[in-house]
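One letter stands for each residue in the lines below.
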Amino acid sequence: MITVIGSINMDLVCETNNLPKHGETVLGRRFETVPGGKGANQAVAAARLGSSVTMIGAVGHDSFGSVLKQKLEDEKVDTSYIECVSTNTGIANIIVYNGDNQIIVVPGANFQVTPSMVKKHRELISQSAMVIMQLEIPPETVEYILGLCRESEVPVILNPAPAENFKIEWMDRITYLTPNETEVTEIFGTSPEQAVRNYPNQLMVTLGESGAMYFDGQDIIKVEGYPVVPVDTTGAGDTFNGAFAHALTEGKSIKEAVRFANIAGSLSVEKFGAQGGMPTEAEVAARMKGGAL
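Bear in mind that the values here come from a model prediction, so they are computed numbers and not experimental data. (Residues numbered from 1 in each chain as written. Predicted model: local features only at pLDDT ≥ 70, side-chain atom pairs only at ≥ 80, totals over all residues. Heavy atoms only, no water.)

Brief notes about the side chain of Asn41
Within the secondary structure layout, Asn41 lies in helix H1 (residues 38–48). Classification of Asn41 as buried rests on a relative accessible area of 3%. Once residues lying within four places of it in the same chain are set aside, the contact partners of Asn41 are Pro35, Gly36, Asp238, Ala274, Gln275 and Met278. (Helix = DSSP H or I, 4+ residues; strand = E, 2+ residues; numbered from the N terminus. Buried < 20%, exposed > 50% of the residue type's maximum accessible area, 1.4 Å probe, protein only. Contact = heavy atoms within 4.5 Å.)

This is how it looks when you write it as structure tokens:
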């Protein structure tokens, strides 16, 4: 069982052919509300691939909250540990331009995922095969869970986004850290190549369309990505993390898991929405074999 502890947001997505300058108004091309939040996205990614996934998080007593919880249930994610709180459900304001995105997150209920809330679910966490976290919940909650997982010998994948909330002293409690190129430089103040050398088989740096890399103790291993024409890159990193967790808990090696996650990420960007393109295991297997469904 994979337990995801993290954010649940409604993504407010605006597509545009022109990015506005300061003080400027432009016309957009399309607007949609799309289920998101890095935690929920990663839960859906792992569940769609076939993992048994439980989500710990919070939503508000509003229409967004009920829709998002139902969406997770539709994806076969166990929502028994998602609490409804008085604060509004979190949102992400996403501008999609030229196949890429800019995002502003308002945490809302996600910042009610406190250590005291999570403490009630210690037994669930301690029995998990893998815990996945991100940094869209309070840092003190992340720190508490890292300690709990170390006590219980439960492996942890931490996706350090937003990177500004990361604490370097957490590294001795994290099994796998999965920053992108920008985040790894912000966190470690050095190049991705140098950073991975300092954390063998622990630091997995995602490189977008170029794949991902890590250091196996002897060599820097670069696992190539799969070339695609992106429609929407929102959620590609979340797909990678959910797929990486799924592959590891299925018994794949680190290199096999990274390759699997790269392929899953490549499929995810070919459709609109963070969760819209997240693939099934059969779709990933077909692309890995060079076939089609």
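Thoughts on the sheet that holds strand S7 (residues 100–106)
Spatial strand order, S3-S2-S6-S7: four strands in an open sheet with mixed pairing. Because the sheet does not close on itself, it has two edges, and the strands there are strand S3 (30–36) and S7. Here the average twist between neighbouring strands, direction ignored, is 20°. Against the sheet, helix H2 (residues 63–74) makes contact with strand S2 (9–16), S3 and strand S6 (90–97), and its axis sits at roughly 95° relative to S2, the strand it touches most. (Pairing = 2+ DSSP bridges. Axes fitted to C-alpha atoms, helices over the stretch in contact; angles between N-to-C directions.)

Focus: the sheet that holds strand S11 (residues 205–206)
Read across the sheet, three strands follow the order S11-S12-S13 without closing on themselves; strand pairing throughout is antiparallel. The open sheet has two free edges, formed respectively by S11 and strand S13 (220–223), since each of these has just one partner strand. Sheet topology places strand S12 (residues 212–215) next to S13; four bridges connect them, and they run antiparallel. If you follow Phe215 over to S13, its bridge partner there is Ile220.

Considerations on unusual backbone geometry
Here the amide bond leading from Ala161 into Pro162 is cis, since omega sits at 0°, within 30 degrees of zero. Its location among the elements puts Pro162 in the loop between strand S9 (156–158) and strand S10 (176–177). Of note, Lys76 is a non-glycine position whose phi angle comes to about 70°, a positive value. Given the relative accessible area of 72%, Lys76 is considered exposed. You will see that Asn201, though not glycine, has its phi angle at about 55°, which is positive. Position of Asn201 relative to the elements: it lies in the loop between helix H7 (192–198) and S11.

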